[in-house]
Amino acid sequence: MQRQYVIAGISGVALVGVMLGGCNPLQPEEDTLTIYSGRGEDLIGPLIQQAEEDLGFNIEVRYGDTAELATTIMEEGENSPADLFFGQDAGALGALKQEGRTVTIPSEILNKVDSRFRDEDGQWMGITGRSRVVAYNENQVDEDELPDSVWDLTSEEYRGRVGWAPTNGSFQAFVTAMRLVEGDERTKQWLEDMNANDPQVYSNNTTTVEAIGRGEVDMGLVNNYYLFRFLADDPDFPVQHHYTRGDAASMVNIAGVSVLDTADDTSQAFEFINYLVSEESQTFFAAETKEYPLIPGMEPPADQLELDEIDPPEIDLGNLEDLEGTLSLLQEAGVL
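Here goes a summary of the coordinates provided. Computed from a predicted structure; not experimentally measured.

### Observations concerning the environment of Phe237
One can find Phe237 in the loop between α8 (226-233) and β10 (239-242). Leaving out residues up to four positions away in the same chain, Phe237 has contacts with Glu138, Val209, Glu210, Gly213, Leu227, Phe230 and Leu231.

Put into structure tokens, the structure is as follows:
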């Protein structure tokens, strides 16, 4: 029985991408950095190709779901071919740390990002920041109708007007953050109240934002960068972002990395991480994936708030690992 762990992706040499569920395990060659990546190839593929050229070693990437890849690393144990894990959220990184599968990243690399976005023991660090937002249709919602907090969304005023994606990993990380801040009992009550308020259910952030844009639903709980993919195709796409204050609906999560205890050459992995937090790579993320750079002095993605202008809840991102508990709560509340 497959073990389910507790946790809550610019020119160059050819990239070898292996999709999760492929029949053949990676067969790394010497002088090759093997990455298990929950970040999609469409998001990080070009940067990894450039890294191969700039750093002078081969990089093989196994792409897949963040949680599933973290589980795979645990199941593979000391036989895992992975040198580095690139996760979509801090929860999976925290889970690998708890399993003792990570090694300490040198402080001179760790300290390039704010302490809020790295593990206190140096076992993982954020590469980019991703905020939760309330996306809304500007043609259907006046600004004075927007909620002050996530708790307002359970009121009659918002009945049938809110879209959410309970099966989506980023939504589940948001619920895990709510559990950390408010406790399971209050979070369960919010889920039940929301579920009774006729939310519109979507499969992920993209379909939620798409539905908001076509006026199918007035607003939705999503991550910050999806809107800009639609704006790239249609500058008149009628969706805006709203930020609640101090609650989980405005949490800032990270996409980040850990070096694994199975790494053949940790110095190669550290060199790659250092490359990811270079000004050039951070600029790539802000421009191409619309995520927040995490090194000081960098501009936020265009047309987005500065990180310091967002008021997220105070949580240790490394504590977002309890996905199993969140899934149980979602089921108990009748959401899943």
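### Considerations on unusual backbone geometry
Despite not being glycine, Asp198 has its phi angle at roughly 60°, a positive value. Within the secondary structure, Asp198 is located in the loop between α6 (184-196) and β8 (200-201). Although it is not a glycine, Asp303 adopts a positive phi angle of roughly 65°. Along the chain, the position of Asp303 falls in the loop between β12 (292-293) and α11 (323-332).

### Comments concerning the pattern of salt bridges
According to the stated counting rule, one finds 17 salt bridges in the structure shown. For the salt bridge of Asp121 with Lys97, the shortest nitrogen-to-oxygen distance reads 2.8 Å. With Asp121 in the loop between α4 (107-110) and β6 (125-137) and Lys97 in helix α3 (residues 90-98), the pair connects residues that are 24 residues apart, well separated along the chain. Taken together, the salt bridges that share partners define one network made up of Arg39, Arg130 and Glu291.

### Quick notes on the packing of aromatic side chains
Under the counting rule described, the total for this entry stands at seven aromatic pairs. Taken together, a centroid distance of 5.4 Å and an interplanar angle of 80° make the contact between Trp164 and Phe171 edge-to-face. Each member of the pair Trp164 and Phe171 is classed as buried. Taken together, a centroid distance of 5.6 Å and an interplanar angle of 75° make the contact between Phe284 and Phe285 edge-to-face. For the pair formed by Phe284 and Phe285, the shared burial category is buried. Taken together, Trp164, Phe171, Phe174 and Trp190 form an aromatic cluster joined through their ring pairs. The ring of Tyr36 carries Arg62 above its face, with NZ or CZ at 5.3 Å from the centroid. Here the guanidinium or amino end of Arg186 rests over the ring plane of Trp151, the centre of that ring lying 3.7 Å away.

### Quick notes on the packing of helix α1 (residues 41-55) against helix α10 (residues 279-289)
Here α1 crosses α10 at 150°, and the two axes come no closer than 11 Å. Here α1 lies roughly antiparallel to α10, going by the angle between them. For the pair α1 and α10, the crossing hand works out as right-handed. Facing Leu43, Ile44, Pro46 and Leu47 of α1, the residues of α10 in contact are Ser281, Phe284, Phe285 and Thr289. Split into classes, the residues belonging to the contact of α1 with α10 amount to six nonpolar, two polar and no charged.

### Re the packing of helix α5 (residues 169-182) against α6
Closest axis-to-axis distance for the α5/α6 pair is 7 Å, and the angle between their directions is 135°. Put simply, α5 runs oblique to α6. Seen from α5, the contacting residues are Phe174, Val175, Met178, Arg179 and Glu182; seen from α6, they are Asp184, Arg186, Thr187, Trp190 and Leu191. Among the residues forming the contact of α5 with α6, the class breakdown is five nonpolar, one polar and four charged.

### Overview of the side chain of Asn168
Relative to the helices and strands, Asn168 is located in the loop between β7 (162-164) and α5. Asn168 gets classed as buried once you look at its relative accessible area, which sits at 15%. Here Asn205 takes part through its side chain, which lies 3.1 Å from a polar atom of the side chain of Asn168. Apart from the residues lying within four places of it in its own chain, the contact partners of Asn168 are Ser203, Asn204 and Asn205.

### Side note on the pairing of strand β3 (residues 58-63)
Regular strands place their side chains on alternate faces of the sheet. Most of β3 sits out of view: five of its six residues are buried. Here six bridges tie strand β2 (residues 32-37) to β3, and the two strands are oriented parallel to one another. Each bridged residue has a counterpart across the sheet, and for Ser37 the counterpart in β3 is Tyr63. As for the winding sense of the linkage, the β-α-β connection from β2 through α1 to β3 is right-handed.

### What about the environment of Asp121?
On the basis of relative accessible area, Asp121 is assigned to the partly exposed category, the value being 44%. Put simply, Asp121 and Glu314 are 193 residues apart on the chain and 18 Å apart in space, counted from C-alpha to C-alpha. Those residues in contact with Asp121 that lie beyond four places of it in its chain are Lys97 and Thr104. Only 2.8 Å separates the side chain of Asp121 from the side chain of Lys97, close enough to count as a polar contact.

### A closer look at the layout of surface pockets
Roughly 450 Å³ of internal volume is contained in the second largest pocket. Lining the second largest pocket are 22 residues; nearest its centre among them are Arg116, Ile315, Asp316, Leu317 and Gly318. No other element matches α3, which puts three residues into the lining of the second largest pocket. In terms of residue class, the lining of the second largest pocket is made up of 10 nonpolar, five polar and seven charged.

What counts, and where the lines are drawn
- For every chain, the first residue of the written sequence is number 1, and numbering continues from 1 onward in sequence order.
- With pLDDT at 70 or above as the cut-off, local features in this predicted model cover only qualifying residues; side-chain atom pairs require 80 or more to be listed or tallied, and sums for whole chains, interfaces and linings still use all residues.
- Hydrogen atoms and water are omitted, and side-chain values are computed over all heavy atoms in the structure.
- In this text, helices come from DSSP runs of H or I with a minimum length of four residues, and strands from runs of E with a minimum of two, each type numbered from the N-terminal end.
- Contacts are assigned to residue pairs with any non-hydrogen atoms lying within 4.5 Å of each other.
- Put simply, a salt bridge is a Lys or Arg side-chain nitrogen that is within 4 Å of an Asp or Glu carboxyl oxygen.
- Side-chain rings of Phe, Tyr and Trp, where Trp is taken by its six-membered ring, are said to pair if the distance between their centres is within 6.5 Å; with planes under 30 degrees apart they count as stacked, over 60 as edge-to-face, and otherwise as tilted.
- Classification of residues uses two cut-offs on accessible area relative to the type maximum, computed with a 1.4 Å probe and protein chains only: under 20% is buried, over 50% is exposed, and between them is partly exposed.
- In this scheme, the term charge over a ring applies when either NZ of a lysine or CZ of an arginine sits within 6 Å of the ring centre and within 35 degrees of the ring normal.
- Here an angle of 0 to 180 degrees is reported between the N-to-C directions of two axes, which are lines fitted to C-alpha atoms, with helices fitted over the stretch in contact.
- Roughly parallel here means an angle under 35 degrees, roughly antiparallel means over 145, roughly perpendicular means 65 to 115, and every remaining angle is called oblique.
- Each helix crossing is assigned a hand: it is left-handed if the near helix lies turned anticlockwise from the far helix by less than a right angle, otherwise right-handed if that turn is clockwise.
- The nonpolar class holds Ala, Val, Leu, Ile, Met, Phe, Trp, Tyr, Cys and Pro. Asp, Glu, Lys and Arg form the charged class, and all remaining residues, Gly among them, are polar.
- Polar contacts here mean pairs of N or O atoms no more than 3.5 Å apart (in protein, one a potential hydrogen donor and the other a potential acceptor; neighbouring residues in sequence count only if both atoms are side-chain atoms).
- Paired strands, as defined in this entry, are two strands with at least two bridges between them according to DSSP.
- Looking down the strands as they point away from you, a crossover is right-handed if its path from the first strand over the helix to the second goes clockwise.
- Definitions used for this entry: grid spacing 1 Å over protein atoms alone; cavity, a set of points where a 1.4 Å probe fits but cannot get out; pocket, an open set with protein on both sides within 12 Å along at least 5 of 7 lines; lining residue, one with an atom within 4 Å of a point.
- Grid points are joined across faces, edges and corners, and a volume is the space filled by probe spheres set on the points.

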